[in-house]
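Tertiary structure, described
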Amino acid sequence: MLIALSKEAKESQINLIIDKLGHYNLTADIYKIDQQPIITIRNECSLSDVASLEAMDFVEKIIPISKPYKLVSREYKKENSLIRVANNIEIGQGGQIHVFAGPCAVENEEQIILTAQAVKKAGASVLRGGAYKPRTSPYSFQGLEEEGLKLLKKAGKIADLPIITEVMDINHIDVVAKYADILQVGSRNMQNYSLLKELSCLDKPVMLKRGISATIEEWLLAAEYIMAGGNSKIILCERGIRTFEVYTRNTLDLAAVPLIKELSHLPIIVDPSHGTGKWKLVKPMAKAAIAAGADGIMVEVHPVPSQALSDGEQSLNFNNFNVLMQEIAKIKGRLR
Ligand code: PEP
Ligand code: MN
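Residues numbered from 1 in each chain as written. Chains lettered and ligands numbered in written order. Predicted model: local features only at pLDDT ≥ 70, side-chain atom pairs only at ≥ 80, totals over all residues. Heavy atoms only, no water.

**Considering the pairing of strand β14 (residues 296-300)**
Within β14, five of the five residues are buried, leaving the element largely enclosed by the surrounding structure. Residues of β14 alternate between two faces, with G296, M298 and E300 on one and I297 and V299 on the opposite face, all of them buried. Where strand β7 (residues 98-102) lies against β14, five bridges are found, and the strand directions are parallel. Paired with G102 across the two strands is E300, which belongs to β14. (Buried < 20%, exposed > 50% of the residue type's maximum accessible area, 1.4 Å probe, protein only. Helix = DSSP H or I, 4+ residues; strand = E, 2+ residues; numbered from the N terminus. Pairing = 2+ DSSP bridges.)

What follows is the structure in structure tokens.
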């Protein structure tokens, strides 16, 4: 159960509600979402148990929520959330597709600037690039760290594109947030709750990738951590899950797209690069993601994929990215 109070509700009025709930043996937590105080009740209870509270004029509405995740649920908010990334870029506007594109990792100035210019020209709206890379092997390229962030920012400025990059560690949040327009939480960190709690205090969009073996419910509960701490600027990203199939790097779960749309008001984008691990599968799966109702896609692009320091086998070269963008544009009126 969730009680939404008016934005003007005073501390004393909020406490009055908490006291009243205490009389009914109900335990509550208080959150502020976009300045609005929200009280959630931890215990199972029915609307009739708390309906009398609706008589108080600072109680806006009482919303019964059946799911374990509450603030990210469609029950809490019927309209789609729009996540503003830059002046002219809002993710989640039904009917518009946003393409996040760029290399797996920022490798050097020339690589990232050339890629930024190429993806911008082809119609991408956000530049991606990893500076802190979560690599399966400790012997693989780990990223250029702050130097990579600086290069990514520079390339974004030159191409006039906002940037997204991964934050792997609580200790890096400040430096990543200094440069990034969107902070990415990678699949390996989806359940790093201390990282999520810190990101919940930020006033910047966070893109939360689905964990490698996370259920939809676990994923939405991870998003709930970010929302419950006060940051409602969340974009979900389906990037494939681990199954018994080995032809592909992961199994891209496109059913997650309409399911998330039903269960949550948050926007969802799809990453067919990590979702398949094979560049030839990126185009068909990107189009399938759009057909399934995704708000966008995230695609790895590299000037010379065969020479990429990471994920070259799933990266598109500029020509293939152009072809993908032209085909997406045919899905009439949806590409921004
Ligand atoms: C990435 O997008 O660079 C990445 C590492 O993805 P994932 O967390 O989905 O593996
Ligand atoms: Mn990658």
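**Re the environment of A118**
Along the chain, A118 falls in helix α3 (residues 109-122). When the C-alpha positions of A118 and F318 are compared, they lie 6.5 Å apart, and in sequence the two are 200 residues distant.

**Regarding the pattern of salt bridges**
Close approach of charged atoms allows side chains of opposite charge to pair. Throughout the structure, instances matching the rule amount to 14 salt bridges. Close ionic contact of R42 with D29 constitutes a salt bridge, the shortest N to O distance being 2.8 Å. Of this pair, R42 sits in the loop between β3 (36-41) and α2 (47-50) while D29 is found in strand β2 (residues 28-33), placing the two residues 13 residues apart along the sequence. Of the residues examined, R42 reaches a relative accessible area of 59% and is grouped as exposed. (Salt bridge = Lys/Arg side-chain N within 4 Å of Asp/Glu carboxyl O.)

**Here's the deal with the state of the cysteines**
Taken as a whole and judged by the stated rule, the model has zero disulfides. You can see C237 has no disulfide; the closest cysteine sulfur is in C104, sitting 13 Å from it. Residue classification places C237 among the buried residues on the basis of a relative accessible area of 0%. (Disulfide = S-S within 2.5 Å.)

**Considerations on the nonpolar core**
In this structure, L208, L236 and F321 are the most contacted members of the largest nonpolar core, which totals 79 residues. For this core, the element with the most residues is helix α7 (residues 216-228), which contributes eight residues. If near-sequence neighbours (up to four positions away) are discounted, F321 is found in contact with V99, A101, V119, A122, A124, V299, V301 and L316. Counting residues in hydrophobic clusters, the runner-up holds 18 residues, among them I17, L26, I39 and I62. (Core = buried A, V, L, I, M, F, W, Y, C linked by side-chain atoms within 4.5 Å. Contact = heavy atoms within 4.5 Å.)

**Quick word on helix α4 (residues 146-159)**
A rise of 1.5 Å per residue sets the reference length of α4, with its 14 residues, at 20 Å; its end C-alpha atoms lie 20 Å apart and thus fit the reference within 8%. Where α4 is buried, its residues contact α3, β8 (126-128), β9 (163-166) and α5 (173-179). Taken from the residues just after α4, D160 is the one with a positive phi, measuring 60 degrees. (Expected span 1.5 Å × (residues − 1).)

**Let's talk about the site of ligand 1**
Taken together, R128, K133, P134, E166, Q184, G186, S187, R188, K209, R239, H274 and M298 form the complete shell of residues around ligand 1. Contacts to ligand 1 include R128, whose side-chain N or O atom sits 2.8 Å from an oxygen atom. Contact distances for ligand 1 include 3.1 Å between an oxygen atom and a side-chain N or O atom of R188. Summarising the interface, the protein chains cover 98% of the accessible area of ligand 1, which totals 290 Å² for the free molecule. (Near = heavy atom within 4 Å. Polar contact = N/O pair within 3.5 Å; in protein donor to acceptor, adjacent residues only side chain to side chain. Areas by Shrake-Rupley, 256 points an atom, 1.4 Å probe, with all protein chains shown as cover.)

**Brief notes about the sheet that holds β2**
Taken in spatial order, the four strands of this open sheet run β2-β3-β1-β4, and their pairing is antiparallel. Two strands in the sheet have a free side with no partner beyond their single neighbour: β2 and β4 (59-63). Geometrically, the sheet is characterised by an average inter-axis angle of 20 degrees between neighbouring strands, direction not taken into account. Its contacts with the sheet put helix α1 (residues 11-23) on β1 (2-5), β2, β3 and β4, and the angle it makes with β3 is roughly 10 degrees. (Axes fitted to C-alpha atoms, helices over the stretch in contact; angles between N-to-C directions.)

**Some words on empty space enclosed by the protein**
With the rule as written, the count across this model stands at one cavity of 30 Å³ or more. One number sums up the size of the largest cavity: a volume of about 40 Å³. If you go around the largest cavity, the residues you meet are R128, G129, G130, Y132, K133, P134, I164, T165, E166 and Q184. Residue contributions to the lining of the largest cavity peak at three residues, all from β9. The residue inventory of the lining of the largest cavity, partitioned by class, reads three nonpolar, four polar and three charged. (1 Å grid on protein atoms, 1.4 Å probe; cavity = no way out; pocket = protein on both sides within 12 Å on 5 of 7 lines; lining within 4 Å. Points joined across faces, edges and corners; volume = space filled by probe spheres on them. Nonpolar A, V, L, I, M, F, W, Y, C, P; charged D, E, K, R; others polar.)

Purely geometric numbers; function is a separate question.
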